[in-house]
Structure formats: structure tokens, C-alpha cells
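# Structure assessment
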Amino acid sequence: MDLAIEVTGLRKTYDKTEALRGIDLSVRTGSVLGLLGPNGAGKTTAVRALATLLVPDGGQAKVAGFDVVAQPREVRRRIGLAGQNAAVDELLTGRENLVLLGRLLHLGGAGARRRAQELLERFDLVAAGDRPVGTYSGGMRRRLDLASCLVGHPQVLFLDEPTTGLDPASRQSLWNTVRGLVADGMTVLLTTQYLEEADYLADQIVVIAAGQVIADGTPDELKRKVGQEWLEVAVALPDRVAAAVAVLAPLAVDEPSTDPVKGLVKLQLRDGMDGIAAAAVALRDAGVDVADFALRRPTLDDVFFNLVGRQPQG
Amino acid sequence: MTTLDIPPSAAPPLASVTEVLAIAGRRLRRLRRNPGRLVGITLNPLITMVALGYLFSSAIQIPGSTNYIEFIFAGVVMQGALAAVGPTAIAVALDVQGGLVDRFRSLPISRSAVLIGHVIADLLISMIGLVVVVAFGLLFGWRPHNGVLPTLAGFGLVVVFTFTVLWVGVLLGMAMSNLETIESVGGLVAVVFSFLSTGFLSVDKLPGWIQPIAQWNPVSSVISACRDLWGNGAPTGTGFPAENPSLVILVSLGLLFLVTSVLSVRRYRNA
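Residues numbered from 1 in each chain as written. Chains lettered and ligands numbered in written order. Predicted model: local features only at pLDDT ≥ 70, side-chain atom pairs only at ≥ 80, totals over all residues. Heavy atoms only, no water.

## Examining the packing of aromatic side chains
Stated formally: Pairing of aromatic rings covers Phe, Tyr and Trp, the last through its six-membered ring, and needs centres within 6.5 Å; plane angles under 30 degrees mean stacked, over 60 mean edge-to-face, and all others mean tilted. Think of it this way: any DSSP run of H or I at least four residues long counts as a helix, any run of E at least two long counts as a strand, and we number them from the N terminus. Buried, partly exposed and exposed residues are distinguished by accessible area as a fraction of the type maximum, computed with a 1.4 Å probe on protein chains only: under 20%, between the cut-offs, and over 50%, respectively. Cation placement over rings: the criterion is NZ of Lys or CZ of Arg within 6 Å of the ring centroid and within 35° of the ring normal.
Tallied over the entire structure, the rule returns 12 aromatic pairs over all chains. Here the aromatic rings of Trp-175 of chain A and Tyr-200 of chain A are separated by 4.8 Å at their centres, their planes lie at 25 degrees, and the arrangement is stacked. Of this pair, Trp-175 of chain A sits in helix 6 (residues 168-183) while Tyr-200 of chain A sits in helix 7 (residues 195-201), and the two are 25 residues apart along the sequence. Taking relative accessible area as the criterion, Trp-175 of chain A reaches 4% and is therefore assigned buried. Put simply, the rings of Phe-73, Trp-142, Phe-155 and Trp-230 of chain B touch in pairs and so form one group of aromatic residues. Across the ring face of Tyr-194 of chain A, the terminal group of Arg-171 of chain A is positioned such that the distance to the ring centre comes to 4.2 Å. Sitting over the ring of Tyr-200 of chain A, Arg-179 of chain A keeps its end group 4.0 Å from the ring centre.

## Quick word on the sheet that holds strand 10 (residues 212-217) of chain A
Residue and element names in this part refer to chain A. Rules: DSSP calls a pair of strands paired once it identifies at least 2 bridges connecting them. Lines fitted to the C-alpha atoms define the axes, with helices restricted to the stretch that makes contact. Angles between their N-to-C directions range from 0 to 180 degrees. Contacts between residues were defined by any pair of non-hydrogen atoms, one from each residue, lying within 4.5 Å.
Pairing is mixed in the open sheet, where six strands are placed in the order 6-7-8-3-9-10. One side of each edge strand has no neighbouring strand; the edge strands of this open sheet are strand 6 (79-82) and strand 10. With direction set aside, neighbouring strand axes in the sheet form an average angle of 15 degrees. Both strand 3 (residues 32-36) and strand 9 (residues 204-209) contribute to a ladder of four bridges, which runs parallel. Note that in strand 9 the partner of Leu-33 across the bridge is Gln-204. Each of strand 3, strand 6, strand 7 (156-160), strand 8 (187-192) and strand 9 is contacted by helix 1 (residues 43-50), which is oriented at about 150 degrees to strand 8, the strand it contacts most. The strands touched by helix 11 (residues 300-308) within the sheet are strand 3, strand 9 and strand 10, with strand 10 carrying the most contacts at an inclination of about 145 degrees.

## Details of the pairing of strand 4 (residues 58-63) of chain A
Note on strand geometry: in a regular strand, side chains alternate between the two faces of the sheet. All names here are of chain A. Across five bridges, strand 1 (residues 3-14) lies against strand 4 in antiparallel orientation. Note that in strand 4 the partner of Glu-6 across the bridge is Lys-62. Judged from the two bridges that link them, strand 4 and strand 5 (residues 66-67) form a sheet pairing that is antiparallel. Paired with Val-63 across the bridge in strand 5 is Phe-66. Counted between consecutive antiparallel strands, the loop separating strand 4 from strand 5 contains two residues, among which Ala-64 sits at a positive phi close to 55 degrees.

## Brief notes about the nonpolar core
Stated precisely, the cut-off is as follows: Buried residues of nine kinds, namely Ala, Val, Leu, Ile, Met, Phe, Trp, Tyr and Cys, make up a nonpolar core once their side-chain atoms join them within 4.5 Å.
Ranked by size, the top nonpolar core spans 114 residues in total, and within it Leu-104, Leu-157 and Val-188 of chain A together with Phe-104 and Phe-161 of chain B carry the most contacts. The element contributing the most residues to this core is helix 3 (residues 68-82) of chain B, with 11 residues. Ignoring any residue separated from it by four or fewer positions in sequence, one finds Phe-104 of chain B in contact with Leu-100, Leu-101 and Leu-104 of chain A together with Ile-23, Arg-26, Asp-95, Ile-109, Arg-111, Val-114 and Tyr-268 of chain B. Counting 31 residues, the second largest nonpolar core, distinct from the first, contains Val-7, Ala-51, Ala-61 and Ile-208 of chain A.

## Describing the packing of helix 10 (residues 218-230) of chain B against helix 12 (residues 245-269) of chain B
Residue and element names in this part refer to chain B. The cut-off we apply is this: The scheme is simple: roughly parallel for angles under 35 degrees, roughly antiparallel for over 145, roughly perpendicular for 65 to 115, oblique for anything else. Crossings are sorted by hand: turned counterclockwise from the far helix by less than a right angle, the near helix makes the crossing left-handed, and turned clockwise it makes it right-handed.
Where helix 10 meets helix 12, the axes come as close as 9 Å, and the angle between the chain directions of the two elements is 130 degrees. The angle between helix 10 and helix 12 falls in the class oblique. Once helix 10 is placed against helix 12, the crossing between them reads as left-handed. Each of Pro-218, Ser-221, Val-222 and Ala-225 in helix 10 lies in contact with helix 12, whose residues at this interface are Pro-245, Val-248, Ile-249, Ser-252 and Leu-253.

## Examining the interface of chain A and chain B
The condition is simple: What gets called buried area is simply the loss in accessible area from a 1.4 Å probe that two parts show on being joined, summed for both. Salt-bridge detection follows one rule: a side-chain nitrogen of Lys or Arg within 4 Å of a carboxyl oxygen of Asp or Glu. We define a polar contact as two N or O atoms separated by no more than 3.5 Å, with the added condition that, inside protein, one atom must be a possible hydrogen donor and the other a possible acceptor, whereas residues neighbouring each other in sequence contribute only through side-chain atom pairs.
Contact with chain A, which involves 38 residues of that partner, is made by 37 residues of chain B. Across the interface of chain A and chain B, roughly 3,300 Å² is buried in total on both sides, 56% from carbon and sulfur atoms. Per-residue buried area on chain A facing chain B is highest for Arg-73, Leu-91 and Leu-104 of chain A; these three make up 20% of the total on that side. Across the pair Asp-89 of chain A and Arg-26 of chain B runs a salt bridge, and its minimum N-O distance is 2.5 Å. The tally of links from chain A across to chain B stands at 14 residue pairs in polar contact (both at pLDDT 80 or more). At the level of elements, strand 1, helix 2 (72-76), strand 6, helix 3 (94-104) and helix 5 (138-150) of chain A are the ones that each hand at least two residues to the side of chain A that touches chain B. For the side of chain A that touches chain B, the element with the most residues is helix 3 of chain A, which contributes five residues.

## Observations regarding the pattern of salt bridges
Summed over all chains, the structure comprises 20 salt bridges over all chains. Between Glu-74 of chain A and Arg-77 of chain A there is a salt bridge, with the nearest N and O atoms lying 3.4 Å from each other. The burial state of Glu-74 of chain A is the same as that of Arg-77 of chain A; both residues are buried. As a salt-bridge pair, Arg-29 of chain B and Glu-96 of chain A come within 2.8 Å of each other at their nearest N and O atoms. Placement of the pair is Arg-29 of chain B in helix 1 (residues 17-33) and Glu-96 of chain A in helix 3, with the two residues belonging to separate chains. You can call Arg-29 of chain B partly exposed: its relative accessible area is 35%. Counted as one network, the salt bridges with shared partners bring together Asp-89 of chain A together with Arg-26, Arg-30 and Asp-95 of chain B.

## Considering the pairing of strand 10 of chain A
Residue and element names in this part refer to chain A. Inspection of the sheet shows strand 9 paired to strand 10 by five bridges, in the antiparallel sense. When the bridges of strand 10 are listed, Val-206 appears paired with Asp-216. Hairpin remark: strand 9 followed by strand 10, antiparallel, with two residues in the connecting loop; positive phi at Ala-210, about 50 degrees.

## Thoughts on the sheet that holds strand 12 (residues 257-259) of chain A
Residues and elements named next belong to chain A. The strand order across the open sheet built from four strands is 12-13-11-14, with neighbouring strands paired in antiparallel fashion. Two strands in the sheet have a free side with no partner beyond their single neighbour: strand 12 and strand 14 (290-296). Across the sheet, the mean angle separating the axes of adjacent strands is 15 degrees when strand polarity is ignored. Here six bridges tie strand 11 (residues 230-235) to strand 14, and the two strands are oriented antiparallel to one another. For Val-235, the partnering residue across the bridge sits in strand 14 and is Val-290. Across the face of the sheet, helix 10 (residues 272-285) comes into contact with strand 11 and strand 14 while running at roughly 165 degrees to strand 14.

In C-alpha cells:
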């Protein structure tokens, strides 16, 4: 298997805090890994170690085939990093920011200008290209930040919470951009607190907490780990919950759980599609009016709850 | 990996000129959009020049010097150089905080290029400030008396001094994160090092306990060397620093540059 990122036993301690306690990751070339975890889980530390910004205390990490400690320069030639803040110069225009990076990467004056123009076009920033970045909206800054990562044609992209603070439309547009990059063969490691984001973008998800990997798999695998789909019934009148439970219980694997305030009954059905039909018939026969009747699947939020045992912070 | 299309290359040992110029160019572009930066470093010495040289000049008597403006001019110029320490530190600290340093560090560029670029840009900015200060000095009656070459040599020394103290600013910016603290420390550097020197009073006019500080303050040595080169009064005072100004300048500025630049680059590597 062709791996763009290979990490084994990565460890990092700050003063006395163990930020990473032996993390293993592997990311196939051309795929997206979502690194998920609550605040302080070690996501950013992991990204910084992989982007050669800090030297890990232990373990091994290879990015684009090169060891991050032994050959950091080779790694740097093949990566792009977008940190939590959009790392762009506010007083410069978008174009000037991109040209600066092109010059730093030795593309030459003309080469840097050409590359800047390409990226402005690709990221829909041509109209704003000659305005100072200070006048940009949050979404535009993020796009410019992402464009800045790409000046040197990297193979591996690190995105640390790329959509934090963006409105839904900007988030969606950034997601589409990332998908476009991946379609072109880019490998992406992204950290996020938004489970929806990982679900949408990531081929593989690694959940870390307190510096350790506590789960990994595809989004579907993780959801399956948490449990099967369940039937959720909302009764029209909350005082009918007991009646609903009475007729539904025989169809369920376990005792149905209820939320009397919202008038909800949740149960895992014993036999799939037949169970759904049986449940509907049973409710009708018992004369329970139903406001909502739906088969639900676990979301990544449920995964998170289940694994970390507390509300994910965002 | 199948996508390895870039041949490995050896890391260049020193900052590449291209990289330094790119960073310095960026700072100068910023200056064009935000020229307030120039006001700070020119206003500080100008205020001193006006306050001391114009308002107090009749009240202050310097032995062996008839023209107080000529006596203080070298000190005023050094104060201008020192006034650039704070702004440089802030420029560097802002790059650290804004994440730009992280981005630069993730690029395959030399570890010192960014900091050297900052210093080069700030040196140029300080030179613009110097031109303004000199113009006002000439207006207020300062004159060099020793001909073109010594005069230029004196300004050469100012450039070297500025270059060195700018590295102090870079180190401050890399080491401290609180912008307000940096601003206070920068202001303190400009005031303390220039006033606790022989820049504005002769040694014997200073309070007794300050005299050794002023004498050994390397800024004093630089000031008296400039005065000497510009013919603004012979170096006064006794003691080792006064008698060996070149040695004191060479050793102190050399050490300062070495320590601050090495520590700054080390901090940058491990930021």
C-alpha cells in the first residue's frame, strides 16, 4: 500500500504534559485522514510534528516518504500547512501574499507572479486579488490561506481545523475545494472538531483523546461500532408514551428508551424492514397518534459521545 | 512513493539572498501601507533634540564644547537607532502570533532568512529615519567638521550600531509574546541606554553612581566615536572605556550581535 503519511509511536511531552502518548497513523496517498478529538487531545501537536514544526520525543514519522526528524527539508518541500489562524499578511494584498511565497520558494519573479495568478483563479480570488487581505471576509482569508499552501505544489496537505469560525456557505465551499484537491491526487490530513466535516471529507478517521488513539476506521465503521440503526417514534401527545412503549416493546431487542418530555420512544428493532411495518401497525392498532416515525443511524456525534464520554467541545 | 518527482537537495548553509530579499520586500511593502512605523523612530530622537538642544541648551554647560546641539547630536542619532528595537520586536512577535512564522518554518527555506529579512528591512527603515534626523540636526545647527570621509565613517558606525541593536529587537520579538510588554521593554531600551550614557551630559555632570554605568555603556563609546569622527567635541573622560573606545565598540557590538542572532535563530528553529 502506498502511504503518504506513516506514523508509529509518536510521542511528545511539553514540560510535564504528555501531549502525544504514542500515536500510530497511516494515510494512503490520495486519501483524506480526519483527526478528530476534543480540545487538548493532541491534534495540533500531531500536525506540528508531522509538518516538521516541532521535534517529537519518540516514535517515527514519515511524510511523503521522508523522516520528519532526519530529513525535515525534504518533507518541507512536499507539504503544505494551513494552521488554525489564516497565516497571511493582512497589509499585503492576496496576490502579494502568494507572490511572496513563490519568491521564497525560488520560483523567480515571473514564476511567482504566474503561480499567484493561477491560484487566485483557482480559488475564485481574482477580483479581490489586489486588495489588502485585511478587507477580506473569513471565507476569503481561508481560501487564500489554502492557496498559500499550494504555491509549492505539495503532495501532502495538513489542515488544522480549516473551517473553524466559517459560516455554513464558506464551509461548504472550502469542503468542495478540499475534495477537488483530493481528486487531483493530494493527500490530506485534517484535524477538526466538527464531526460532520470529518464525515463529509475523510476516508479514514482517527479519534484521539489525551494524546492517544482511541478509535479508527472509516466513518461508517466507526458508526457501526457505536451501534445499529434504531427506530425513533415521536408520539403526538406525550401522555401516550407509555402506550407506545407497551406495543413496541415486544418488537425491540432491549427495553425501548423514552424521553417523556419530548414524547420520544427509541428502540432497536429485532427484525429490520418487517419490524418497521410491524411497529407501524402496532401503533395504529393501539390508537397512538404519531408525529414522527423514522429510522435513525448513529452520527459521528454519537461516536464521539460514546468514545470520549462527554460532549465534544466546539 | 510513486510521486517522488523532486530530486533531494542539500540544505544551503546560509540564508539565500532571494529569501532574505523576499521577506525584506514584504516588510517594506507593509511600511508603504502603514507609514506610522516611520513616525515612531523619527519622532523619538527629534523630541530629544528639540527638548534638550533647543529648550534646555542655554541651561546646560558642557566643558570643552561650545555648541550643545553638536554635543548631543550623536546621542540623538543613537536614540533613533535604539527606538527601532521595540517596533522590530513587535513586527517579529506579530509574525509569530499570526502563524506566519509557522508557515515560513514549514517551507524549505533557510532557518535564518526570515529573521535576517526583518533586520534588513528595519535597517533600511531606520536609515530613512536617520536621514530625517540629520536634516533636522542640520536645521538646528549641527555640522560635521572633519571632511567627507570621517563624516561618512561616523554614519557607517551608526549603521553597524543599528544593525546590532535590531537583533536585540528580533530576540525580544522571538522570546516574548505579550505585545504590550514588548512595547514597554522597547521604550525602556531606547530611553535607558541612551540617557544612561554620555550622550547628553559629560560623565562628571552625571550622579556619581551612574558615572560607571554611563562610562561602560557601549552606547557611550559609539557616541563618543561618532562625535570624534564628526568633530563635535573630543572624547572626554578617563578610564578604560573612554581610552579604548574602538576595542569596547568592537567587543561589545560583536558579542551582542553574536549572542542575539544565535539565540534568535535557535528560537526560530524551535518556535
